[in-house]
Amino acid sequence: MFNLLVQGLPNKLIAKDLGIVESTVKVHIKSIFKKLNFKSRMEMTVWYLQSKE
């Protein structure tokens, strides 16, 4: 899911790509943000890209 988020896809397209409903995507994103203490998608994207270096 991280790779879809860093592409800047909206929840609706992420859900379609994964074959799940949009509300499930929202729950997962909220959980990721809480667990890793992110405040925004941009913050998460920077972290993700830096972890790939």
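For the structure, see preceding data.
Structure report, in brief. (Residues numbered from 1 in each chain as written. Predicted model: local features only at pLDDT ≥ 70, side-chain atom pairs only at ≥ 80, totals over all residues. Heavy atoms only, no water.)

**Re the nonpolar core**
One recurring pattern in soluble globular proteins: nonpolar side chains tend to sit buried together. Core analysis: the largest hydrophobic core is formed by 10 residues, namely Leu4, Leu5, Ile14, Ala15, Val25, Ile29, Ile32, Phe33, Phe38 and Met44. Sorting the residues of this core by element identifies helix 1 (2-6), helix 2 (11-18) and helix 3 (22-36) as the ones contributing at least two each. With 4 residues, helix 3 is the single largest residue contributor to this core. Ignoring sequence-local partners within four residues, the contact set of isoleucine 14 consists of Met1, Leu4, Leu5, Leu9, Val25 and Arg41. (Core = buried A, V, L, I, M, F, W, Y, C linked by side-chain atoms within 4.5 Å. Buried < 20%, exposed > 50% of the residue type's maximum accessible area, 1.4 Å probe, protein only. Helix = DSSP H or I, 4+ residues; strand = E, 2+ residues; numbered from the N terminus. Contact = heavy atoms within 4.5 Å.)

**Considerations on helix 4 (residues 41-51)**
Residues Met44, Thr45 and Tyr48 constitute the buried set of helix 4. Down the axis of helix 4, the sector holding all buried residues measures 100 degrees, keeping them to one side. Elements in contact with the buried residues of helix 4: helix 1 and helix 3. (Arc of directions from axis to C-beta.)

**Focus: unusual backbone geometry**
Even without a glycine there, the phi angle at asparagine 37 is positive, about 60 degrees. Mapping asparagine 37 onto the fold places it in the loop between helix 3 and helix 4. Asparagine 37 gets classed as exposed once you look at its relative accessible area, which sits at 52%.

Coordinates in, geometry out; function isn't part of it.
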